[in-house]
Every structure is written in C-alpha cells, then in structure tokens.
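Structural description and commentary
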Amino acid sequence: MDETHTNKFNTLTHISITVAIVVTVMLFFLPACSGGGKNGKVNLPNPDSIPDLVTTDVNTLISDSGVLRYKMITPEWIVYMRGLSPRWIFEKGIYLEKFDSLFRVDASIKADTAYYYQDQKLWELRGNVHIKNQEGVMFDTQLLFWNQNTERFYSDKRVNIAKHDTIFSGEKFESNQQMTEYVFYNGAGNMIVKDIQPVDTTQTKK
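Please read all numbers here as calculations on a predicted model, not as lab measurements. (Residues numbered from 1 in each chain as written. Predicted model: local features only at pLDDT ≥ 70, side-chain atom pairs only at ≥ 80, totals over all residues. Heavy atoms only, no water.)

Structural notes on the packing of aromatic side chains
Any pair of aromatic rings gets described here by the distance separating the centres and the angle formed by the planes. Let me state the cut-off plainly: When two rings of Phe, Tyr or Trp (its six-membered ring) have centres within 6.5 Å they constitute a pair, described as stacked for plane angles under 30 degrees, edge-to-face for angles over 60, and tilted for the intermediate range. Labels follow the DSSP assignment, with helices taken as runs of H or I lasting at least four residues and strands as runs of E lasting at least two, numbered in each case from the N terminus. Partly exposed residues are those whose accessible area sits between 20% and 50% of the maximum for their type, while under 20% is buried and over 50% is exposed, using a 1.4 Å probe and protein chains only. As a reminder, the over-ring test applies to NZ of lysine and CZ of arginine, requiring each to be within 6 Å of the ring centre and within 35 degrees of the ring normal.
The tally for this structure, following the rule as stated, stands at 14 aromatic pairs. Ring centres of Trp 88 and Trp 123 lie 6.4 Å apart, and the angle between their planes is 80°; on these two criteria the pair is classed as edge-to-face. You can see Trp 88 sitting in strand 3 (residues 87–90) and its partner Trp 123 sitting in strand 7 (residues 122–133), a full 35 residues away along the chain. By relative accessible area, Trp 88 is classed as buried at 14%. Given the relative accessible area of 4%, Trp 123 is considered buried. With 5.4 Å between their ring centres and 20° between their planes, Phe 145 and Tyr 154 make a pair best called stacked. Through successive ring pairs, a cluster of aromatic residues spans Tyr 70, Trp 77, Trp 88, Phe 90, Tyr 116, Trp 123, Trp 146 and Phe 153. Lying over the aromatic face of Tyr 80, Arg 87 brings its terminal NZ or CZ to 4.3 Å of the ring centre.

Quick look at the pairing of strand 2 (residues 67–80)
Stated precisely, the cut-off is as follows: For two strands to be treated as a pair, DSSP must find no fewer than two bridges joining them.
Pairing between strand 1 (residues 53–64) and strand 2: 11 bridges, direction antiparallel. Paired with Ile 62 across the two strands is Tyr 70, which belongs to strand 2. Counting the residues in the hairpin turn of strand 1 and strand 2 gives two residues, including Ser 65, whose phi is positive at 55°. The sheet contact formed by strand 2 and strand 4 (residues 94–99) spans four bridges and is antiparallel. Among the inter-strand pairings, Tyr 70 is bridged to a residue of strand 4, identified as Lys 98. Summarising the sheet, strand 2 and strand 3 pair through three bridges and their orientation is antiparallel. Within the sheet, the bridge partner assigned to Tyr 80 lies in strand 3 and is Arg 87. The hairpin turn running from strand 2 into strand 3, its antiparallel successor, is six residues long, and Gly 83 in that turn takes a positive phi close to 80°.

Thoughts on the pattern of salt bridges
The test is simple: Salt bridges, as used here, are contacts in which a Lys or Arg side-chain nitrogen is within 4 Å of a carboxyl oxygen on Asp or Glu.
Throughout the structure, instances matching the rule amount to eight salt bridges. Of the charged contacts in the structure, one is a salt bridge between Glu 76 and Lys 92, with a shortest N-O distance of 3.7 Å. Of the two residues, Glu 76 is situated in strand 2 and Lys 92 in the loop between strand 3 and strand 4; the sequence distance between them amounts to 16 residues. For the salt bridge of Arg 158 with Glu 171, the shortest nitrogen-to-oxygen distance reads 3.8 Å. With Arg 158 in the loop between strand 9 (152–155) and strand 10 (159–163) and Glu 171 in the loop between strand 11 (166–170) and strand 12 (173–176), this pair connects stretches of sequence that are 13 residues apart.

A look at the side chain of Asp 100
Heads up, the rule is: Only heavy atoms matter for contacts: two residues are in contact if any of them lie within 4.5 Å across the pair.
Here Asp 100 is to be found in the loop between strand 4 and strand 5 (105–111). The residues touching Asp 100, leaving out its near neighbours within four places in the chain, are Asp 106 and Gln 134.

Quick notes on the environment of Thr 113
With respect to the helices and strands, Thr 113 occurs in strand 6 (residues 113–117). Separated by 24 residues in sequence, Thr 113 and Ile 89 have C-alpha atoms that sit 8.0 Å apart.

Focus: the side chain of Thr 74
Rules: Identification of polar contacts relies on pairs of N or O atoms within 3.5 Å, with a donor-acceptor requirement for protein atoms, meaning one able to donate a hydrogen and the other able to accept it, and with residues adjacent in sequence counted only if both atoms are side-chain atoms.
With respect to the helices, strands and loops of the structure, Thr 74 is situated in strand 2. On the accessibility criterion, Thr 74 (3% relative accessible area) is buried. At a separation of 3.1 Å, a polar atom in the side chain of Thr 74 contacts the main-chain carbonyl oxygen of Glu 76. Not counting chain neighbours up to four residues away, the residues in contact with Thr 74 comprise Asp 57, Val 58, Phe 90, Gly 93 and Ile 94.

A closer look at unusual backbone geometry
The phi torsion of most residues other than glycine is negative, and most of the peptide bonds are trans. At Asp 57, a residue that is not glycine, the phi angle is positive and equals roughly 50°. Looking at where Asp 57 falls in the secondary structure, it is placed in strand 1. Positive phi values are uncommon outside glycine, yet His 164 reaches one of about 60°. Secondary-structure assignment places His 164 in the loop between strand 10 and strand 11.

Read these as spatial facts, not as claims about activity.
See below:
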C-alpha cells in the first residue's frame, strides 16, 4: 500500500472512530434528556425544590425600605427566590429583634422553626414561640403568624401571656405589631395568679 492510500485509510479510520464515539455518547444521554422516552420532553428540576441560597451561622441586620428594622440570628437560612412561592426557611430555629423608629428593641422573637413568605410579607413561626415586648411582657405559643402588611400578630392556638405576677391564657389571639394591644376573641381565656415564693436571703450560695 502506497503512502497516499495509507493516509486515506488512516483518515477514514479516524472519522469512523469519531462518529462511533459521538453516537455512543448521544445514545447514553438520550434517555436522561427524553424524560424516559415520553413525548421527547426534557424533565427540568422544579424551581421550588432548589434553594437559591443556603447560609449558616447568620447574625445580620435587615433593612426595610432603606430603614434598619430587624436583627436576625439563625444557624441556617435557606432562600428560595424562584417558583410560585418565594420564601425564606429557618428549620433550625431563629431569633429576631424588631426595632422601633428610634432603633430601640420593641420586641424580641424566638421560634424552633420559621417560614417567611416574601410576596405576602408573612411570617409563620412554629414550635416554642416566645415573644417579649418592650414592657417585658412575655407571650408563649406553638404557632404564631405575623403579617407585616397589616402589622398584626395572630394565632388560633393557645397563647399564654405572662405580665408581672399574672398569666393570661386563651385562644384565637390577635395583637398589634408592638405586642402592646392584644385580645382573645373566643372568650376561652383564663387568668392564673402565680404563687410567689419568698426568697430566703439568709442562705449563702455554695
């Protein structure tokens, strides 16, 4: 075989190998791209299932309309910006401080789990929810919603309010955003006076 035929043979062999590789790769990826062969459609991930941001050990200040409004501390902050329901998720707990117009803390909020729905500007606080207002009054419940559009807190679950030496307890609770004006709508609340035990000041700490 002369040199010309040898070069043609090598070229054809190279082309055949290249085509074989391309065909093999296409056949390998075709089932994955065709969604199992149904109508040839590509199955794309649901945007609601893919977080845009996951941040850990968060300690940050949050502004609203250019004004400093909140301090947020959380072990994990998951953000979904796309899909039908843009939201923040705090599955490992959250602590919030809300500032008034003079940048004083007018409420502190803790919860085991929290969800913030951005379009509605709605917080859903779940599990051991504790709020303390500027007057030192404590609010405890297992479920509380905070609508920032209407500037209201509300809950259909039982809420305990510890004020001075008295505990108020009831359901269907609603309050203003400062937690200073609140009401129980169903009339199932009751009042419990705490038993105050005298402190023995004669004993020294060991």
